[in-house]
Amino acid sequence: QGRPSLAGRRRVGAAEPMAEPGPAVLVARFAGGGRQLRASRAFGEGDILLTEEPVLVVPENPLALVCVAPAAQVLLEVGAALGHCRSLGAYAAYARLDAAGREAVDCFRADPSPLFTAVRRSVKRLLAERPAMEAAVDWPEVVRLHGLLNTNAVKLRSGALALYPHICVASHACAPNCDVIEAREAACGGAWAGHPEAAFLRARAPIQKDDEVTISYVPAMIVEAPTQERRALLRTLRGFWCRCSLCRPRLRRARWQSRLWRGSRRVVRAARAQRGKRHEA
């Protein structure tokens, strides 16, 4: 998956292009299992690279999905114990997919974010308290799908999380070259006849052939936050430390300032020690 790119995490190995999903973009994969989205031709600012329907959608309140999922009663009890059903929504939505849809979802993976770890610990603690529930549901699958959705999905204005087969492969950058636009909002007069959660991938800057396609995983107000706070939020929510072109220069500056400060402290301590020796003499 494209979590994250040179914009985020370094990858090992050369990229090998896969079959193109369309005339505009192609997916490149890496020896370590990562993926990224690349432009197959040049685009100008405002051009649409891709229009895509989601393979998985989990509404902000997935209670209706959970109610019709396998072992729904157990899931509802767990949701009540956890205080929410959001972490169970991906499992419920995944259960309704056909084989092709599940295969598309399984191409993604979860990064071990603190949020994902907290959910895993909560489920583990709950099952320890109620061991009778353990055999009713495939709990590793519940946790995996929650982490997968949280790591890769796009959050829509309705609050739903949508997983797109190719848009969600795009890596994060704090200064991305593309935006994800909901099709219903982009349609003139709101007259969109396609899938209600379809989305456009629109260039926000000129893109050359073979350039990596990047999007922002966080809202604009977060991107404008100080670098350390923005990176910490991405680490908490998405499970990676951003190393995009916007973060790297500031990280280098911060490290240089830190080294300078540590060096100055050593000089001050050495000077104080020298004065102490002179005073004793």
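Refer to the structure printed above.
Residues numbered from 1 in each chain as written. Predicted model: local features only at pLDDT ≥ 70, side-chain atom pairs only at ≥ 80, totals over all residues. Heavy atoms only, no water.

*Asks:* Hey, could you go over unusual backbone geometry for me, with residue numbers and the actual values?
*Replies:* Positioned with a positive phi, Ala71 is a non-glycine residue whose angle comes to about 55 degrees. Assignment of secondary structure puts Ala71 in the loop between helix H1 (63-67) and helix H2 (72-82). Ala71 sits in the partly exposed class, given a relative accessible area of 30%. Positioned with a positive phi, Asp210 is a non-glycine residue whose angle comes to about 75 degrees. (Helix = DSSP H or I, 4+ residues; strand = E, 2+ residues; numbered from the N terminus. Buried < 20%, exposed > 50% of the residue type's maximum accessible area, 1.4 Å probe, protein only.)

*Asks:* Describe in detail H2, supporting the description with residues and values.
*Replies:* All buried positions along H2 are accounted for by Ala72, Val74, Leu75, Val78 and Gly79. Axial view of H2: buried residues confined to an arc of 160 degrees, hence all on one face. Among the exposed residues of H2, those oriented more than 90 degrees off its buried face are Gln73 and Ala80. In this structure, the buried side of H2 is in contact with H1, helix H3 (86-94), helix H5 (114-129) and helix H6 (139-152). Downstream of H2 by a residue or two, Gly83 has a phi angle that is positive, lying close to 95 degrees. (Arc of directions from axis to C-beta. Contact = heavy atoms within 4.5 Å.)

*Asks:* Would you mind going over the layout of surface pockets in detail, with residue names and values included?
*Replies:* If you add up the space inside the largest pocket, you get close to 1,100 Å³. For the largest pocket, the lining is made up of 32 residues, of which Lys155, Ser216, Tyr217, Val218 and Pro219 are closest to its centre. For the lining of the largest pocket, the secondary-structure elements that each account for two or more residues are H6, strand S6 (154-155), strand S9 (178-182), helix H8 (220-223) and helix H9 (227-238). Ranked by residue count, the leading element in the lining of the largest pocket is S9, at five residues. Split by residue class, the lining of the largest pocket holds 18 nonpolar, four polar and ten charged. Two domains share the lining of the largest pocket, each providing at least three of its residues, namely domain 1 (35-53 + 168-244) and domain 2 (58-163). (1 Å grid on protein atoms, 1.4 Å probe; cavity = no way out; pocket = protein on both sides within 12 Å on 5 of 7 lines; lining within 4 Å. Points joined across faces, edges and corners; volume = space filled by probe spheres on them. Nonpolar A, V, L, I, M, F, W, Y, C, P; charged D, E, K, R; others polar. Domains from an automatic or database assignment.)

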